[in-house]
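# Architecture at a glance
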Amino acid sequence: MTNLVEVVFESVDEGCIIQFFLMLIQGSKKISGYQCSENIPMFTEGELSEEELSRFLDFNGDASILINADDVKLGDVFLPNIQLRLVKYGCEYDVDFNFNCDEIENVSMGALINGIHSYAKSLALEFGISSYYGGMEPASDEETRYFTNEEVGPLIA
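Residues numbered from 1 in each chain as written. Predicted model: local features only at pLDDT ≥ 70, side-chain atom pairs only at ≥ 80, totals over all residues. Heavy atoms only, no water.

## Some points on helix H3 (residues 109–127)
Because an α-helix packs 3.6 residues into every turn, residues spaced three or four apart end up facing the same way. The end-to-end C-alpha distance of H3 is 27 Å, a good match for the 27 Å that 19 residues give at a rise of 1.5 Å each. Taken together, the buried positions of H3 are occupied by Leu112, Ile113, Gly115, Ile116, His117, Tyr119, Ala120, Leu123, Ala124 and Phe127. Gly128 occupies a position one or two residues after H3 and carries a positive phi of about 65°. (Helix = DSSP H or I, 4+ residues; strand = E, 2+ residues; numbered from the N terminus. Expected span 1.5 Å × (residues − 1). Buried < 20%, exposed > 50% of the residue type's maximum accessible area, 1.4 Å probe, protein only.)

Shown next as structure tokens:
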């Protein structure tokens, strides 16, 4: 059984979604795969550019991008693999990522979650995101959360 941890940022402002999403990808050494729910040309030469994300944002309809990224540094936390998703519905944007905590070696679960929470807080502050949370997937279940915004959740308390 895998232990997937999910971190969600809700209602990311359209004016900063490109910079926010690219910042998450920048921490990766390699993009090992991607999917787009719609036929929008993306990932020329294995990278995602601002121009390609702009095409995605300009798409007239709902869509999502799913990216597998390897060797990812998120603040002080190193993750061997994450799955990063950008969901566009109307003019709203949500971003989430998940990872298997069983793949993390030589780090306690407490230190891992504290590092992820700290990173999420700093991103939320920098990009004006008022709703973010993390927990065992699905993190939408409030009983399996490690944190909601700045507050610790039931799995930590």
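## Remarks on the pattern of salt bridges
The full count for this structure, using the stated rule, is two salt bridges. Note that Arg55 and Glu51 form a salt bridge whose closest N and O atoms lie 3.3 Å from each other. One end of the pair, Arg55, and the other, Glu51, are both in helix H2 (residues 50–58), four residues apart, so they sit about a helical turn from each other. Residue classification places Arg55 among the partly exposed positions, given a relative accessible area of 31%. (Salt bridge = Lys/Arg side-chain N within 4 Å of Asp/Glu carboxyl O.)

## Topic: the nonpolar core
Phe9 and Phe20 are the most contacted members of the largest nonpolar core, which has 47 residues in total. The element contributing the most residues to this core is H3, with eight residues. (Core = buried A, V, L, I, M, F, W, Y, C linked by side-chain atoms within 4.5 Å.)

## Considerations on the side chain of Asp96
Mapped onto the fold, Asp96 is located in strand E5 (residues 92–100). Looking at Asp96, the relative accessible area reads 6%, which means it is buried. Here Arg85 takes part through its side chain, which lies 2.7 Å from a polar atom of the side chain of Asp96. In this structure Asp96 touches Glu6, Val7, Val8, Gln83, Leu84 and Arg85, once residues within four positions along its chain are discounted. (Polar contact = N/O pair within 3.5 Å; in protein donor to acceptor, adjacent residues only side chain to side chain. Contact = heavy atoms within 4.5 Å.)

## Some points on unusual backbone geometry
Pro138 follows Glu137 through a cis peptide bond whose omega is 0°. Looking at the element boundaries, Pro138 is found in the loop between strand E6 (131–136) and strand E7 (145–148). With a phi angle near 50°, Asp71 is a residue other than glycine that sits in the positive phi range. On the secondary structure map, Asp71 appears in strand E3 (residues 63–74). Classification of Asp71 as partly exposed rests on a relative accessible area of 32%. Notably, Asn106 is not glycine yet its phi reads approximately 60°, a positive angle. On the secondary structure map, Asn106 appears in the loop between E5 and H3.

## Considerations on the confidence of the model for the protein
Overall, the predicted model of the protein reaches an average pLDDT of 87, with 94% of residues at or above 70. Summarising per-element confidence for the protein, the mean pLDDT is lowest in strand E2 (residues 28–36) (80) and highest in strand E1 (residues 4–10) (95). (pLDDT = per-residue confidence, 0-100.)

## A few points about the pairing of E1
Counting buried residues along E1, five of its seven residues qualify, which places the element largely inside the surrounding structure. When E1 meets E5, the two strands line up antiparallel, connected through six bridges. Along E5, the bridge assignment pairs Glu6 with Asn98. Looking at chain direction, E1 and E6 are connected through six bridges and run antiparallel. (Pairing = 2+ DSSP bridges.)

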